[in-house]
Amino acid sequence: METSKKAQKIGILTAGGDCPGLNAAIRGVGKTAIVEYGMEVLGFNAGYLGLINNDYTELKESQLSGILTLGGTILGTSREKPYKMVKKNGKTDTHKPEKIKKNYKKLGLDCIVCIGGNGTMKTASMLAKEGLNVIGIPKTIDNDVWGTDVTFGFDSAVQIATDAIDRLHTTANSHQRVMIIEIMGHHAGWLALYSGVAGGGDIILLPEIPYNIRSVCKKIENRYEDNKPYSIVVVAEGIDHPKNQTAASHLSEAIQTYTGIETRETVLGYIQRGGSPTPMDRILATRYGAHAAQCIAESNFGTMVAMKNNELTTVSLEEVGSNLRLVQPGHPLITKARKMGVSFGDEYQLIE
């Protein structure tokens, strides 16, 4: 496609949960748009709320310097969902989408770059159907956005979680305990899988692989019989567990009940989403941002930038918004881990 020579005005927003690399992505879009294409760039505050309330700041190149290494987002974020159903009648409140369209036209925008996860991409897809020019950039520590091999934020979270697991090894060994660490990820087990393997977890429980608590306990008991005095259990927050407990506390109680072995749990929580992005995430977010600016110049709208086999590409926002990228039980990393003796909680049949 030929690159447009027309000077364009674009908007950038970051929506949903924060994660390392957001500022790197903003910088990648903004600097490329300004330096390479001569575009005017507006930054909308607090995600889609900024579009609804016409709350924005003009971003100059100088404002985009010095933010590459910063965690969080200079634009702020929110979980605002403009198309959220109204509880009373189950219908969409059209007031907010109409305000977005009005502000988009009033400002003379040529495109909105929406940086976020699955919910953000779903809203972006709906705005594209309304006739707005939209480009999506996938971010989330969960790594569960459909259509791309990896999201930025994931590598940073894996490093944080792995460091925490490393530290639990020493205290688990000292006290000869079972240590459970709960990892974020919602319904996807990517973060637990990668950090669990990287951190030497003995048992890794994922939402995608139904586990049996007796199987988990059998693995722990076998380790003690083999003179391995402690066990590390890495558990994704989205595994099956009672609603009134965390996944970690539920497992802790069950393991102590069945084995009698002292068990402690750690819920890592929001620490996984904080701090400076890793070099890998800085590079990925920068590549995504620069490619998004290129897509705008080429009028490749209604798409999300993506990485496939380490090559930048785009996928349809409509396709992304209706799907979720989950860990497949036959994933190569799971297969390799099983061959090294790692349990995924499904190895033994329940014995009554």
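For the structure itself, look to the data block above.
Residues numbered from 1 in each chain as written. Predicted model: local features only at pLDDT ≥ 70, side-chain atom pairs only at ≥ 80, totals over all residues. Heavy atoms only, no water.

### Overview of the nonpolar core
And step 1. Core analysis: the largest hydrophobic core is formed by 80 residues, its most contacted members being I115, I137, F152, L206 and F344.
And step 2. The contact partners of F344, leaving out residues within four places of it in the chain, are L193, I204, L205, L206, I209, Y211, I334, A337 and R338.
And step 3. Counting residues in hydrophobic clusters, the runner-up holds 25 residues, among them L51, L109, M121 and M304. (Core = buried A, V, L, I, M, F, W, Y, C linked by side-chain atoms within 4.5 Å. Buried < 20%, exposed > 50% of the residue type's maximum accessible area, 1.4 Å probe, protein only. Contact = heavy atoms within 4.5 Å.)

### Notes on the sheet that holds strand β1 (residues 9-14)
Strands belonging to one sheet form pairs held by backbone hydrogen bonds; the direction of such a pair is parallel or antiparallel.
And step 1. Pairing is mixed in the open sheet, where 7 strands are placed in the order β3-β2-β1-β4-β5-β10-β11. Looking along the sheet, the strands with just one partner apiece sit at the ends: β3 (56-58) and β11 (311-316). If you compare each strand with its neighbour and ignore which way they point, the axes differ by 30 degrees on average.
And step 2. Packed onto the sheet, helix α1 (residues 22-36) meets β1, β2 (40-44), β4 (111-116) and β5 (134-138) and runs at close to 175 degrees relative to β1. (Pairing = 2+ DSSP bridges. Helix = DSSP H or I, 4+ residues; strand = E, 2+ residues; numbered from the N terminus. Axes fitted to C-alpha atoms, helices over the stretch in contact; angles between N-to-C directions.)

### Details of unusual backbone geometry
And step 1. In this model, A46 sits at a positive phi of 60 degrees, which is unusual for a non-glycine residue.
And step 2. Structurally, A46 is set in the loop between β2 and α2 (48-53).
And step 3. Taking relative accessible area as the criterion, A46 reaches 23% and is therefore assigned partly exposed.
And step 4. In this structure, N310 is a non-glycine residue whose phi angle is positive, near 65 degrees.
And step 5. Relative to the helices and strands, N310 resides in the loop between β10 (303-308) and β11.
And step 6. Exposure remark for N310: the relative accessible area of 53% places this residue in the exposed category.

### A few points about the pairing of β10
And step 1. Counting buried residues along β10, 5 of its 6 residues qualify, which places the element largely inside the surrounding structure.
And step 2. As paired strands, β5 and β10 are joined by 2 bridges and run parallel to one another. From the neighbouring strand, I135 faces β10, where its bridge partner is T303.
And step 3. Pairing analysis gives 6 bridges linking β10 to β11, with the strands arranged antiparallel. By the bridge assignment, M304 is partnered in β11 with V315.
And step 4. Linking β10 back to β11 in an antiparallel pair, the connection comprises 2 residues, with N309 at a positive phi of about 55 degrees.

### Some words on the layout of surface pockets
And step 1. Empty space within the largest pocket amounts to approximately 830 Å³.
And step 2. Taken together, 38 residues line the largest pocket, and the ones lying closest to its centre are R79, K81, N118, G119 and H186.
And step 3. For the lining of the largest pocket, the secondary-structure elements that each account for two or more residues are α4 (118-129) and β6 (178-183).
And step 4. Looking at which element gives the most residues to the lining of the largest pocket, the answer is α4, with 6 residues.
And step 5. Residue classes in the lining of the largest pocket are distributed as 12 nonpolar, 14 polar and 12 charged. (1 Å grid on protein atoms, 1.4 Å probe; cavity = no way out; pocket = protein on both sides within 12 Å on 5 of 7 lines; lining within 4 Å. Points joined across faces, edges and corners; volume = space filled by probe spheres on them. Nonpolar A, V, L, I, M, F, W, Y, C, P; charged D, E, K, R; others polar.)

### Concerning the pattern of salt bridges
And step 1. This model, assessed by the stated rule, comprises 13 salt bridges.
And step 2. Among the salt bridges present, the one from R273 reaches D18, with a minimum N-O distance of 3.1 Å. Placement of R273 in the loop between β9 (263-267) and α9 (279-297) and of D18 in the loop between β1 and α1 is noted, with a sequence separation of 255 residues between them.
And step 3. R273 sits in the buried class, given a relative accessible area of 15%.
And step 4. D18 sits in the partly exposed class, given a relative accessible area of 24%.
And step 5. In this structure, the salt-bridge partner of R167 is D163, at a minimum N-O distance of 3.0 Å. (Salt bridge = Lys/Arg side-chain N within 4 Å of Asp/Glu carboxyl O.)

These figures come from the coordinates and say nothing about function on their own.
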